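# A structural walkthrough
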Amino acid sequence: MLTNKQKAARFKAMQNKNYRASLKLEGFEFDGTPGTEPLHEPALSEYEQIARLKKHYAR
């Protein structure tokens, strides 16, 4: 049986994996190493990337 700490670690790992997968669907490319920045937009902060996506998908 897993401890609460192990459950939290597994949940966090799955959450990160899902987040990276959703970014990949949006067109962000990673080099495969967890925690790295996207290859094609290294100069933009996360806030700027989100703002850019919102502007792109705004109708």
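Residues numbered from 1 in each chain as written. Predicted model: local features only at pLDDT ≥ 70, side-chain atom pairs only at ≥ 80, totals over all residues. Heavy atoms only, no water.

## A short note on the overall build of the protein
Along its length, the protein carries 2 helices and 0 strands. For the protein, the proportion of its 59 residues judged to be buried stands at 10%. Approximately 5,500 Å² of the protein is accessible, and the part contributed by carbon and sulfur atoms is 58%. (Helix = DSSP H or I, 4+ residues; strand = E, 2+ residues; numbered from the N terminus. Buried < 20%, exposed > 50% of the residue type's maximum accessible area, 1.4 Å probe, protein only. Areas by Shrake-Rupley, 256 points an atom, 1.4 Å probe, with all protein chains shown as cover.)

## Some remarks on helix α1 (residues 4–25)
Between its first and last C-alpha, α1 extends 31 Å over 22 residues, near the 32 Å set by a 1.5 Å rise per residue. At the C-terminal side of α1, G27 shows a positive phi close to 110 degrees. (Expected span 1.5 Å × (residues − 1).)

## Details of the environment of E26
By the secondary structure assignment, E26 is in the loop between α1 and α2 (46–57). In the structure, E26 is positioned 27 residues away from L53 in sequence and 8.7 Å away in space, judged by C-alpha atoms. Not counting the four nearest positions on each side in its chain, E26 is found in contact with L53 and Y57. Here the side chain of E26 touches Y57 through a polar contact of 3.0 Å, side chain to side chain. (Contact = heavy atoms within 4.5 Å. Polar contact = N/O pair within 3.5 Å; in protein donor to acceptor, adjacent residues only side chain to side chain.)

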